[in-house]
Amino acid sequence: PYEFATGFRGTYYVLFIAYALAIIAVSVSNFNLGVFALLMVFVITLSYYAQPEHEYYVWSHSQTPAKFLLDKMKTALLYSTLLSIPLIVLLSIFFFSQAHILLLIMAAGYVYLCCIIAARYSSFPYEMGLAQGILLALCIVAPPAAIIILPYFFNRSVERLQPILK
């Protein structure tokens, strides 16, 4: 996966900081610090999708645009799960009564990750513009808006990728 290969190389040390914060959260019994560490992992993962890749890397996939987007989302969800599962397990063991909060944060992180992937390709081959940024901010401020914004971005992405992925 292009995004995680390039993104991870530049942010692996920040992930270690997030894991260290989770360990500190457990040692001082501060659940909020653990939540911050988990949010850090998701923000780092979201940052991997800030820059679009070269058209050639998209063109090399012999898939329909919808399948391409779904595969990108599946890959992102898998790798973000792999990065966040140590935190989820650690925090769930020591803060079992608040594990449901961790699962909600993880679910929200997944939704935002899918939104940013769809937003990224809705302006492909260019970078995301102000309109995509405003809609993404709306998703963060009002999470139920993602129910409308994610399909919009997805359909727009399919239209933008159609000429490249024939």
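Residues numbered from 1 in each chain as written. Predicted model: local features only at pLDDT ≥ 70, side-chain atom pairs only at ≥ 80, totals over all residues. Heavy atoms only, no water.

Where do I start with the side chain of S122 in this structure?
Mapping S122 onto the fold places it in helix α5 (residues 99–122). You can call S122 buried: its relative accessible area is 1%. Residues in contact with S122, not counting those within four places in the same chain, are Q132, F153, R156, S157 and R160. (Helix = DSSP H or I, 4+ residues; strand = E, 2+ residues; numbered from the N terminus. Buried < 20%, exposed > 50% of the residue type's maximum accessible area, 1.4 Å probe, protein only. Contact = heavy atoms within 4.5 Å.)

Explanation requested: the pattern of salt bridges in the structure shown.
Pairing is possible between side chains of opposite charge, provided their charged atoms come close. In total, this model carries three salt bridges according to the counting rule given. Of the charged contacts in the structure, one is a salt bridge between K67 and D71, with a shortest N-O distance of 3.2 Å. Residue K67 and its partner D71 are both found in helix α4 (residues 65–94); the two are separated by four residues, about one turn of the helix. Residue K67 is classed as partly exposed on the basis of its relative accessible area of 42%. Ionic pairing is found between D71 and K74, a salt bridge with its closest N-O pair at 3.7 Å. Of this pair, D71 and K74 both sit in helix α4, three residues apart, which is roughly one turn of the helix. Among the ionic contacts, a cluster of salt bridges with common partners joins K67, D71 and K74. (Salt bridge = Lys/Arg side-chain N within 4 Å of Asp/Glu carboxyl O.)

How should I be thinking about the environment of I117 in this particular structure?
In this fold, I117 is placed in helix α5. For the pair formed by I117 and Y49, sequence separation is 68 residues and the distance between their alpha carbons is 6.5 Å. Those residues in contact with I117 that lie beyond four places of it in its chain are Y49, K72, M73 and A76.

How do you make sense of the side chain of Q132 when you look at a structure like this?
Looking at the secondary structure, you find Q132 in helix α6 (residues 130–141). A relative accessible area of 11% places Q132 in the buried class. In this structure Q132 touches A119, S122, S123 and F153, once residues within four positions along its chain are discounted.

Just to check I follow, could you spell out the packing of aromatic side chains for this structure?
What characterises a pair of aromatic rings is the spacing of the ring centres plus the angle enclosed by the ring planes. Applying the stated rule across the entire model yields ten aromatic pairs. Ring pairing ties together the aromatic residues F4, Y48, Y49 and Y79, which thus form one cluster. (Phe/Tyr/Trp six-rings, centres within 6.5 Å; stacked < 30°, edge-to-face > 60°.)

I'm lost on the nonpolar core in this one. Help?
Soluble globular proteins: nonpolar side chains tend toward being buried together. Judged by nonpolar contacts, the single largest core of 50 residues is most densely connected at Y49, V58, I117, Y121 and L161. Put simply, the parts of the chain that give this core at least two residues each are α1 (2–27), α2 (31–47), α4, α5, α6 and α7 (146–161). In terms of residue count, the dominant contributor to this core is α5 (twelve residues). In this structure Y121 touches E3, E53, V58, F68, L69, K72, S157, R160 and L161, once residues within four positions along its chain are discounted. (Core = buried A, V, L, I, M, F, W, Y, C linked by side-chain atoms within 4.5 Å.)

Would you mind showing me how to read the packing of α2 against α5 here?
The relative placement of two packed helices is expressed as an angle between their axes plus a distance between the axes. Two numbers describe how α2 lies on α5: the axes approach to 10 Å, and their chain directions differ by 15 degrees. Judged on the interaxial angle alone, α5 and α2 are roughly parallel. Both α2 and α5 take part in a crossing whose hand is right-handed. Between α2 and α5, the contacting residues are F31, V35, L38, L39, F42, T45 and L46 on the first element and I101, L102, I105, M106, G109, Y110, Y112, L113 and I116 on the second. Its residues placed into classes, the contact of α2 with α5 shows 14 nonpolar, two polar and no charged. (Axes fitted to C-alpha atoms, helices over the stretch in contact; angles between N-to-C directions. Parallel < 35°, antiparallel > 145°, perpendicular 65-115°, else oblique. Left-handed = near helix turned anticlockwise from the far one by under 90°. Nonpolar A, V, L, I, M, F, W, Y, C, P; charged D, E, K, R; others polar.)

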